[in-house]
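# Survey of secondary and tertiary structure
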Amino acid sequence: MTSVEYVTPTFYTPFDYTLKDALNLGNVEWRRPFIEKYMDTGFPKWKRLNLSEFFVKPLKPYKGEPFSGSVLYKKSVKSFNDDTFNDMMNRDFNGSHLKFTLMSKAFFNTGFFVEISGEGEFLAKYDLNENPTTVENSLVVVKKGAKATIVREVKGNGKLNVGTTLFLIEKGAKLEFFNILMAPSTPLMVDSNLYILKENADVEVYDIILGGEKVASHHRFELTEHGAKSRLTSAYFENGKERADLQYELIHEAPKTYGKIIGNGVINDESYMVFRGLTNIKREAFDANAEESGYTLVLSPNARADAIPSLRVRNHSVSAKHSASTGSLDDDKLYYMMSRGLSKRMAMQLIVEGMFNPIIDIIPVDDVKRDVKDELSSKI
Amino acid sequence: MSEKLSFDGKVNYVVKSKPGLDKKLIEEISFNKDEPVWMRELRLKSLDFFLKRSNPVFGVDISKLDVNEIIPYLKPDAEKSGSWEEVPENIKETFEKLGIPDAERKVLAGVGAQYDSEVVYQHIKDQLSRLGVIFLDMESAVKEYPELVKKYFMRAVPPNDHKFAALHGAIWSGGSFVYVPKDVEVPMPLQAYFMMASPGMGQFEHTLIIVDKGAKLHFIEGCSAPKYSVINLHSGMVEIYVDEGASMKYSTVQNWSKNTYNLNTKRALVEKDATMVWVSGSIGSAKTMLYPTSVLKGKGARAEHMNITYAGNDQHMDTGSKIIHVAPYTSSKVDARSISSDGGWAFYRGLLKVLPTAHHVKSTVECSALMVDDASASDTVPIIEVMNNEADIGHEARIGKIKESQIYYLMSRGISEGDAKALIVRGFMEPIVKQLPLEYAIEFNRLVNMKFTSDLG
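So, here's what we can say about the structure.

Definitions and limits used
Residues numbered from 1 in each chain as written. Chains lettered and ligands numbered in written order. Predicted model: local features only at pLDDT ≥ 70, side-chain atom pairs only at ≥ 80, totals over all residues. Heavy atoms only, no water. Phe/Tyr/Trp six-rings, centres within 6.5 Å; stacked < 30°, edge-to-face > 60°. Helix = DSSP H or I, 4+ residues; strand = E, 2+ residues; numbered from the N terminus. Buried < 20%, exposed > 50% of the residue type's maximum accessible area, 1.4 Å probe, protein only. Lys NZ or Arg CZ within 6 Å of the ring centre and 35° of its normal.

### Side note on the packing of aromatic side chains
In total, this model carries 31 aromatic pairs over all chains according to the counting rule given. Centroid distance A:F43 to A:F54: 4.3 Å. Interplanar angle 25°. Geometry classified as stacked. Highlighted residues: A:F43 in strand β3 (residues 43-44) and A:F54 in the loop between β3 and β4 (67-69), separated in sequence by eleven residues. This pair shows no difference in class: A:F43 is buried, exactly as A:F54 is. Aromatic pair A:F85 and A:F113: ring centres 5.4 Å apart, planes at 55°, arrangement tilted. With A:F85 in helix α3 (residues 83-89) and A:F113 in strand β6 (residues 112-116), this residue pair connects regions lying 28 residues apart in the sequence. For the pair A:F85 and A:F113, a shared accessibility class is recorded, and that class is buried. Of the aromatic side chains, those joined through ring pairs into one cluster are A:F11, A:Y17, A:Y38, A:F43, A:W46, A:F54, A:F100 and A:F107. Sitting over the face of the ring of A:F108, A:R31 holds its NZ or CZ atom 4.1 Å from the ring centroid. One residue, B:R349, lies across the ring of B:F347, its end atom 4.4 Å from the ring centre.

Quick look at the structure:
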């Protein structure tokens, strides 16, 4: 039996990137098949994100050095002879939309390839003020039994930010990933992440979103082998006319896999937040355990919160559940706080911080921690 | 159960339309029914929408459904009967095979039984007339109460709402019309039975219910169809208007034969302080798409949706509910349960929309799914859209199996494994099943018992 699935309509624009735009980025031959496919693919017409047009922004090689950390890394452009890199790049992955994952592969101007054995930390800090158009293509391989901490921060006021990051987490390996997007006046940010988890691999992701005028964030966890375990916690704060579409997918392909998604956030003014969670439990995934929950605090009468949690289950020996709720800062709660001497603004700040602090506290890099705090307080 | 519904009743048809949907056919249908001009125009406009619109972009696979293959209109040579005695013998036989109890046929004077596309039995109890309640077959209502019908007919669901609403608008036939006057409480549930009894036959009954201010009604719809080899399409429509302070409960059980495409539209517009309750049980059909909708238009309006869906072998049930909060202080509650077994596929699809105007809304949506075996599939996709900051919305869903420990516990008390499973499944469905009319509750329970005890000998 099949069902009819909604297919996102697409549009083409004469103002799109072409082979010419890749010339000054180097390694055109490696990019060529992706460029061809890219040009054959239309842009998604996103209803909820209100994306119906696209204008090219000039692409230049990335200025500055965004990478640091205790592990060895290569820039994407220097990884073309690596088999693992190429295998992963050719894997099917649509991310937020195929057009944008192809854009990453065809026109990236930055990105990294990190292979971690033992224990290591890696930091990628992109500055959109210096590089208003940042297209990233990255790969992380956490080797058998290794333990990795990755922090990725996108900051500043840019024009376009598109990133695709692939993660391969081998047997028994551990990954902790902090993904921080805070570029409030950037018109479009599209972020796609794929995690492939092998036997007993363990992944913990923190997705922090503090703007971008339109943000599409996509994280897909493929729990491919026995005992793989992933958790994602997201925190978002949208204000002004910001729109964000967060999409989290748990794909349980093997027995005893565990997946958990928790999304909490605040929306204010005329902002619009879409929280999508997809749990897909395949027939082979005996004793899988999946859980999704989302909570949005809506502060303004003109803000809008959508939740689209989906459960697709093909094995009956599972535990799968999801929940979604929205709430308001009602008069009672405010009154309670204000009666204890807090102003309305302070009360709000307290609630927002209460949501974010548990995550901020565990960010392992001090200046990133400070950046997030600053951005958050400027938003309040 | 399906065995009981298989039969070869012979019926003589007066008019048997040629397959194919065009303007001429629609005009013919309208002419045969002696309809007013506005209705003919509505049919033609609907046909236009139907031909222009594409299939739904979600839900069940209907690529094998060729609407033109379905003979859209058939008229049994039975004249409309005022009393049971006048109902033709062969039709009575069909009722017999459907197992509708004798007593029920006679006692329930409010029953409108639909045989093919034409209502053959429609009797209004004296009591109803005295209360001023109008309970008629839809065709007669169009003629006898043209102004009233025109005001409401396909206003809640306009013909261009979706492709199958348009199809329905073009070829609708049969159905019930109910009007309950202001402050009248209808003392007994009104019932309408629908059935299909001809191979390749489409059913497009239209039910229109108007519950005036402060009135109260419980309407029960049930469908049963004999088993056929030709594709059958059911594309009915229910429109309900619940006026200020009124209260309406609509209970339905669909048990179409396993070759039926059940693409149905049901919608209620609920005014100030009014209450709408939908109780739906879906057990039959090959593929179903059904999402009863409540539009909460007036301040303080309330909706409750209770669904139970059973997807067995080769069944794809795409069911759910849709609630649109338009006015402030409105509330809604959804309790949707599904069971998938034997390779069946139960899909819950929901929409909960809270418009900017609808402040102080409260809503809870709960979905639970029970998967009986590994061959089956269970999906849940509830969409929630909240457009203001004074709404308290909660949603929960869970999918699970029957726990070994529960079966073990029951078996240790001398209950067989099959009986134990049946007991647990019945317990799971119970809160919703008990809302159904008794005969359907019995049918549901019988179905579950059969499933589990026969599986295990």
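### Concerning unusual backbone geometry
Trans is the common state for peptide bonds, and a negative phi is the common state for residues other than glycine. All names here are of chain B. With a phi angle near 55°, D34 is a residue other than glycine that sits in the positive phi range. With respect to the helices and strands, D34 occurs in the loop between α2 (23-32) and α3 (37-52). Judged by its relative accessible area of 58%, D34 falls in the exposed class. Here the phi dihedral of D273 falls at roughly 55°; this positive angle occurs in a residue that is not glycine. In this structure, D273 sits in the loop between β14 (260-270) and β15 (275-282). Of the residues examined, D273 reaches a relative accessible area of 45% and is grouped as partly exposed.

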